[in-house]
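Observations on chain architecture
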Amino acid sequence: MPIKTALLERSNCTCELCGASDNLSVFEVPPVVEPNSDKSVLVCETCLSQIEKNTDMNNNHWRCLNDSMWSQVPAVQVTAFRMLTRLAVTEGWAQDLLDMMYMEDEAKAWADYGVAADNIEEAAPTRDSNGTILAAGDNVTLIKDLDVKGGNFTAKRGTPVRNISLTDNPEHIEGRVNGVRIVLLTCYLKKMPLFED
Ligand SMILES: [Zn+2]
């Protein structure tokens, strides 16, 4: 049976999130290896465009999750969970619903996967003092003298720090100065050109 036919049957021809009955289409809930109806939800255009971030969030539209989060279908639960997580940044009611939500372990792991992917996508990049994006393995130099606490020395301006590592905090990197591994503030660093002359 085609996925859409199965979903129309499961949902009684309505959006599984908000209940609308127009412009329904299949949304495959990531990550999808082999698309099937268990991994998909039937959604209306209004829901889909916001899920896929093609239009701004209409926060009030998502009050519908108050009902659909109780769906027995894991794919619907997962989609509801992810949307509530996005909304909870600004909407207290969304956090309240999240706190009430119940999912089996398997569905919860699936839901968390998407949230983690969202966070990576939205995480601020690490930038040096000029705003240049830094990546793990880059070489940087210090743009001012820094007292290294616990290292008992001053790292001089111009000191190269090679093969840096990124941290969870976009304002911090880790690197070796005078053989000591330390955390450095990115505002005191400048990325070195790839090829030094
Ligand atoms: Zn909808």
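Residues numbered from 1 in each chain as written. Predicted model: local features only at pLDDT ≥ 70, side-chain atom pairs only at ≥ 80, totals over all residues. Heavy atoms only, no water.

Moving on, we come to helix α4 (residues 74-87). For α4, spanning 14 residues, the distance from its first C-alpha to its last is 20 Å, which sits close to the expected 20 Å at 1.5 Å a residue. With 11 of 14 residues buried, α4 lies mostly within the body of the structure. Those residues of α4 not exposed but buried are A75, V76, Q77, V78, T79, A80, F81, R82, M83, L84 and L87. (Helix = DSSP H or I, 4+ residues; strand = E, 2+ residues; numbered from the N terminus. Expected span 1.5 Å × (residues − 1). Buried < 20%, exposed > 50% of the residue type's maximum accessible area, 1.4 Å probe, protein only.)

Another aspect to go through is the confidence of the model for the protein. Per-residue confidence for the protein gives a mean pLDDT of 90, with 93% of residues at or over 70. Looking at the elements of the protein, mean pLDDT is at its lowest for helix α6 (residues 105-122), recorded as 75, and at its highest for strand β2 (residues 40-43), recorded as 98. (pLDDT = per-residue confidence, 0-100.)

Quick look at the nonpolar core now. Among the nonpolar cores identified, the biggest contains 37 residues, and L17, V43, W62, L65 and L84 are the most heavily contacted of them. Residue assignment for this core shows that the elements contributing at least two residues are β2, α2 (45-51), α4, α5 (92-100) and α6. Counting residues per element, this core draws most heavily on α4, at 8 residues. Discounting chain neighbours no more than four positions away, the residues touching W62 are L17, C47, Q50, I51, M57, M83, L87 and W93. Core analysis: the second largest hydrophobic core is formed by 14 residues, F153, V161, I164 and L184 among them. (Core = buried A, V, L, I, M, F, W, Y, C linked by side-chain atoms within 4.5 Å. Contact = heavy atoms within 4.5 Å.)

Pairing is antiparallel across the open sheet formed by 3 strands, whose spatial order is β7-β8-β9. One side of each edge strand has no neighbouring strand; the edge strands of this open sheet are β7 (165-166) and β9 (180-185). Note that strand β8 (residues 172-177) and β9 share 6 bridges and pair antiparallel. Looking at β9, one finds that E174 is bridged to V183. (Pairing = 2+ DSSP bridges.)

Further remarks concern the packing of aromatic side chains. Two aromatic rings are characterised by how far apart their centres lie and by the angle between their planes. Counted by the stated rule, this structure contains 0 aromatic pairs. Directly above the aromatic system of W110 lies the positively charged group of K39, at a separation of 4.3 Å from the ring centroid. (Phe/Tyr/Trp six-rings, centres within 6.5 Å; stacked < 30°, edge-to-face > 60°. Lys NZ or Arg CZ within 6 Å of the ring centre and 35° of its normal.)

Bringing the environment of F81 into the picture now. Within the element layout of this structure, F81 appears in helix α4. Residue class for F81 comes out buried when judged on its relative accessible area of 10%. Counting along the chain gives 31 residues from F81 to D112, while the straight-line C-alpha distance between them is 8.7 Å. With residues up to four places along the chain from it excluded, the contact list for F81 reads L98, M101, M103, K108, A111, D112 and V115.

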